[in-house]
Amino acid sequence: MRQRTGVRVLCAVGLLVGCLALFGCPKRPEVMQAAPAPAGPAAAAVPAPAPAPVAPPPAPAPAPPRIVETPVVPPPPAPAPAPAAPPAPPPAPVPLKDVFFDYDKATVRDDQKAALTENASWLKANPGVKVLLEGHCDERGTAEYNLALGERRAKAVKDYLISAGIAADRVSTISYGEERPFVLGHDESAWKWNRRGHFVVQGR
């Protein structure tokens, strides 16, 4: 009796399974579960992903150079120049006059004595002055003769001054003969001015 009951149960179960297989049953959606992260030492071995590099912020634009204007200091005014000393007054013109001679003569002419007398008076009024007497001739005659003639003319003027009271050491003589004509020319209009005794002041 018990065997028949077990057979029936098995048959019923088999029938039920066959029905289920025939009609099928709705499939449940498969749920994918993420695998759990391994725990323990294995998990520590996996390095964490490196953080993405962060770009540095752009450098600020350089500030324009600061221009510092240096104030222009004007130079100090130049000191006023010291007033120049007034120039010394020019020496008074020497009033000594030339003495003229006749052709081939060394004698002081009468019409020249007044000029010599005035020269002597001026020398007396200026005792610190010394003079050089130059003897000159015209171009006629040889150079040697005219040098000697010029020396005689200068000596004649010196002698006249000494006789008028001028010390001899204040008067010296020299002859240039025909070498330094006073007036250029080849006739009496020039020659008369070249036969002369000329005064040169040497100290005042």
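Above this note sits the structure.
If you're wondering where the values come from, they're calculated on a predicted model, not measured in any experiment.

(A) Representation of the overall build of the protein in the model. Summing up its helical and strand segments, the protein has 5 helices and 4 strands in all. Looking at the protein as a whole, 21% of its 204 residues qualify as buried. When contacts within the protein are restricted to residue pairs at least 6 apart in sequence, long-range pairs at least 24 apart make up 74% of them. Surface accessibility of the protein: about 15,900 Å² in total, with carbon and sulfur atoms responsible for 66%.

(B) Here's a closer look at the packing of aromatic side chains. Under the counting rule described, the total for this entry stands at 1 aromatic pair. Ring centres of Phe 100 and Trp 193 lie 5.3 Å apart, and the angle between their planes is 85°; on these two criteria the pair is classed as edge-to-face. Of this pair, Phe 100 sits in strand E1 (residues 99–100) while Trp 193 is found in helix H5 (residues 188–194), placing the two residues 93 residues apart along the sequence. With a relative accessible area of 37%, Trp 193 lands in the partly exposed category. Looking at Arg 140, its charged tip hangs above the ring of Tyr 103, at a distance of 4.0 Å from the centre.

(C) Fine view of the sheet that holds E1. If you walk across this open sheet you meet the 4 strands as E1-E4-E2-E3, and the pairing is mixed. In the strand order of this sheet, the two ends are held by E1 and strand E3 (171–177), each with one partner. Pairing of strand E2 (residues 130–136) with E3 involves 6 bridges; the strand directions are parallel. Residue His 136 lies in a different strand from E3, and its bridge partner there is Gly 177.

(D) Structural context of the packing of helix H3 (residues 110–125) against helix H4 (residues 143–163). Viewed as axis vectors pointing N to C, H3 and H4 meet at an angle of 60°, and their least axial separation amounts to 10 Å. Relative to H4, the element H3 lies oblique. Crossing hand, H3 versus H4: right-handed. Contacts between H3 and H4 involve Lys 113, Leu 116, Thr 117, Ala 120 and Leu 123 on the former and, on the latter, Val 157, Tyr 160 and Leu 161. Of the residues contributing to the contact of H3 with H4, the split by class is 6 nonpolar, 1 polar and 1 charged.

(E) Representation of the nonpolar core. In this structure, Leu 123, Leu 161 and Phe 199 are the most contacted members of the largest nonpolar core, which totals 18 residues. Those elements giving two or more residues to this core turn out to be H3, E2 and H4. Excluding anything up to four places from it in sequence, Phe 199 contacts Leu 96, Lys 97, Asp 98, Val 99, Leu 116, Asn 119, Val 131, Leu 132, Leu 133, Val 157 and Leu 161.

(F) A look at H4. For H4, with 21 residues, the first-to-last C-alpha span of 31 Å sits near the 30 Å given by 1.5 Å per residue. Every buried residue of H4 is listed here: Asn 146, Leu 149, Gly 150, Arg 153, Ala 154, Ala 156, Val 157 and Leu 161. End-on, the buried residues of H4 take up no more than an arc of 150°, which puts them together on one face. In H4, those exposed residues whose orientation departs by more than 90 degrees from the buried face are Glu 144 and Ser 163. Buried positions along H4 lie against E1, H3, E2, E3 and strand E4 (196–203).

Reading the values: rules and limits
- Throughout, residues of each chain are indexed from 1 in the direction in which the sequence is written.
- The predicted origin of the model limits local features to residues at a pLDDT of at least 70 and limits the giving and counting of side-chain atom pairs to 80 or more, whereas totals for whole chains, interfaces and linings rest on all residues.
- Side-chain numbers here rest on the full set of heavy atoms in the structure, without hydrogens or water.
- Working definition: helices are DSSP H or I runs of at least four residues, strands are E runs of at least two. Numbering for both runs from the N terminus.
- Each residue's exposure class comes from its accessible area (1.4 Å probe, protein chains only) as a fraction of the maximum for that residue type: buried when under 20%, exposed when over 50%, partly exposed otherwise.
- Contacts between residues were defined by any pair of non-hydrogen atoms, one from each residue, lying within 4.5 Å.
- For the accessible areas, the method is Shrake-Rupley and the probe is 1.4 Å, while residue cover comes only from the protein chains on display.
- Two aromatic rings from Phe, Tyr or Trp, using only the six-membered ring of Trp, form a pair when their centres are within 6.5 Å; if the ring planes differ by under 30 degrees the pair is stacked, by over 60 it is edge-to-face, and anything between is tilted.
- Each ring is checked for a lysine NZ or an arginine CZ that lies within 6 Å of its centre and within 35 degrees of its normal; such an atom marks a charge sitting over the ring.
- Two strands make a pair as long as DSSP finds a minimum of two bridges between them.
- Interaxial angles span 0 to 180 degrees and are taken between N-to-C directions of axes, which are lines fitted to C-alpha atoms, for helices over the stretch in contact.
- Throughout this description, any angle smaller than 35 degrees is read as roughly parallel, any larger than 145 degrees as roughly antiparallel, any in the 65 to 115 degree range as roughly perpendicular, and the remainder as oblique.
- By definition, any crossing whose near helix is turned counterclockwise from its far helix by less than a right angle is left-handed, and any crossing with a clockwise turn is right-handed.
- Think of it as three bins: nonpolar holds Ala, Val, Leu, Ile, Met, Phe, Trp, Tyr, Cys and Pro, charged holds Asp, Glu, Lys and Arg, and polar takes everything else, Gly as well.
- Remark: nonpolar core denotes a set of buried residues (Ala, Val, Leu, Ile, Met, Phe, Trp, Tyr, Cys) joined through side-chain atoms within 4.5 Å.
- For a helix, the expected span equals 1.5 Å multiplied by the residue count minus one.
- Throughout, the arc means the angular range of directions from the helix axis out to the C-beta atoms.

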